[in-house]
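So you can see what is in the structure, the chains are spelled out below.
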Amino acid sequence: MILVGWLLLVYLIGAIPTSYLAAKYGAGIDLRQHGSKNLGATNVYRVLGWKFALPVGAFDVLKGALPVIVLSPRAGPHEWIPLVIGSAAVLGHAFSIFVRFKGGKGVATAAGVVLALAPMPLGVAAAVWAILVWVTGYVSLGSMIGALVFPVAVLLTDPNDRLTFVVGVAMAAFIIFTHRGNISRLLAGTESRFRTRGSEQ
């Protein structure tokens, strides 16, 4: 029961709708009515620019990293606790109770979780993400491929870390699920590129 309480707390931390709050109180708009209508840092960039997107993205990363680092030791001694705590943060971000369970796509918060758990594999995945976004202009493609690369990088850098590998696979599957609309647009050739502001990720 104590763990359930911690998970609820972490879910609520992850559920803080950073992009929605930044757009509402910083620019006086409802981000759900602009650009891609997605509550993520990419849409914040397209609608409001880097001035808003950078702090929003950083905060979303912290929503994943800090619960794993700070709260996991208090939630229990088991080695799987940080993984469950991190998963609760990602679910909170993607299905936020504060915005009718329609949050972001979980990429930045998941990155924060794995930053705390396995920074080296995250570095590999982030490099792949950056290269793909630079070459193709598609953040969605970079996010999905980067998510798939992470568990592979875990196996290559620490083959014995099976728990992080399993969570990496689960998070990759989740991120692909949240990008299912983007997949349809990529296949149809209608996906907007990152360099074009005001449109879907």
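Residues numbered from 1 in each chain as written. Predicted model: local features only at pLDDT ≥ 70, side-chain atom pairs only at ≥ 80, totals over all residues. Heavy atoms only, no water.

Q: Explain the nonpolar core to me, please; I cannot follow it from the model alone.
A: General note: in soluble globular proteins, nonpolar side chains tend to be found buried as a group. Counting 19 residues, the largest nonpolar core has Val90, Ala110, Val113, Val114, Phe150 and Met171 as the members making the most contacts within it. Of all the elements in the fold, those that place two or more residues in this core are helix 5 (81-94), helix 6 (107-117), helix 7 (119-136), helix 8 (139-157) and helix 9 (162-178). Tallying contributions element by element places helix 9 first for this core, with 5 residues. Apart from the residues within four sequence positions on either side, Met171 is in contact with Gly86, Ser87, Val90, Ala110, Val113 and Val114. (Core = buried A, V, L, I, M, F, W, Y, C linked by side-chain atoms within 4.5 Å. Buried < 20%, exposed > 50% of the residue type's maximum accessible area, 1.4 Å probe, protein only. Helix = DSSP H or I, 4+ residues; strand = E, 2+ residues; numbered from the N terminus. Contact = heavy atoms within 4.5 Å.)

Q: What is the right way to read the environment of Leu83 from this model?
A: Relative to the elements of secondary structure, Leu83 occurs in helix 5. Looking at Leu83, the relative accessible area reads 6%, which means it is buried. Ignoring anything within four residues of it in the chain, the contact list for Leu83 reads Leu117, Leu163, Thr164 and Val167.

Q: Would you mind going over the pattern of salt bridges with me for this structure?
A: Here the idea is simple: oppositely charged side chains can pair when their charged atoms come close. On inspection of all chains with the given rule, the structure shows 3 salt bridges. Linking Arg32 and Asp30 is a salt bridge whose minimum nitrogen-to-oxygen distance equals 3.0 Å. The class for Arg32 is partly exposed, based on a relative accessible area of 25%. The exposure class of Asp30 is partly exposed, given its relative accessible area of 22%. (Salt bridge = Lys/Arg side-chain N within 4 Å of Asp/Glu carboxyl O.)

Q: Whenever I open this one, the packing of helix 7 against helix 8 confuses me. Can you help?
A: For any two helices packed against each other, the geometry is given by the interaxial angle and the distance between the axes. Relative to each other, helix 7 and helix 8 sit at 150°, their axes nearing to 7 Å. Put simply, helix 7 runs roughly antiparallel to helix 8. Taken as a pair, helix 7 and helix 8 cross one another with a handedness that is right-handed. Residues Met120, Pro121, Leu122, Val124, Ala125, Val128, Trp129, Leu132, Val133 and Thr136 of helix 7 lie in contact with helix 8, whose contacting residues are Val139, Leu141, Gly142, Ser143, Ile145, Gly146, Val149, Phe150, Ala153, Val154 and Thr157. Residues that form the contact of helix 7 with helix 8 fall into these classes: 16 nonpolar, 5 polar and no charged. (Axes fitted to C-alpha atoms, helices over the stretch in contact; angles between N-to-C directions. Parallel < 35°, antiparallel > 145°, perpendicular 65-115°, else oblique. Left-handed = near helix turned anticlockwise from the far one by under 90°. Nonpolar A, V, L, I, M, F, W, Y, C, P; charged D, E, K, R; others polar.)

Q: Is there a simple way to explain helix 9 in this structure?
A: Owing to its 3.6 residues per turn, the α-helix aligns residues three or four sequence positions apart on the same side. The end-to-end C-alpha distance of helix 9, which contains 17 residues, comes to 24 Å, matching closely the 24 Å that a straight helix rising 1.5 Å per residue would cover. For helix 9, the set of buried residues is Thr164, Val167, Gly168, Met171, Ala172, Phe174, Ile175 and Thr178. Projection of helix 9 onto a plane perpendicular to its axis shows the buried side chains occupying an angular sector of 165°, all on one side. Among the exposed residues of helix 9, those oriented more than 90 degrees off its buried face are Arg162 and Val166. Looking at the buried positions of helix 9, the neighbouring elements they touch are helix 5, helix 6, helix 8 and helix 10 (180-188). (Expected span 1.5 Å × (residues − 1). Arc of directions from axis to C-beta.)

Q: It is not clear to me how the packing of helix 8 against helix 9 should be interpreted in this structure. Could you clarify?
A: Where helix 8 meets helix 9, the closest approach of the two axes is 9 Å, and the angle between their N-to-C directions is 170°. With respect to their mutual orientation, helix 8 and helix 9 come out roughly antiparallel. Counted together, Ser143, Met144, Ala147, Leu148, Phe150, Pro151, Val154 and Leu155 of helix 8 and Thr164, Phe165, Gly168, Val169, Ala172, Ile175 and Ile176 of helix 9 form the full contact between these two elements. Here the contact of helix 8 with helix 9 is built from residues that sort into 12 nonpolar, 3 polar and no charged.

Q: Honestly, the confidence of the model for the protein in this entry has me stumped. Any pointers?
A: Interpreting fine coordinate detail is not advised for predicted regions of low pLDDT. This prediction gives the protein a mean pLDDT of 91; 96% of its residues lie at or above 70. Residue range residues 196-201 is modelled with pLDDT below 50. Its contacts to residues more than four positions away, or to other chains, number 33 contacts. (pLDDT = per-residue confidence, 0-100.)

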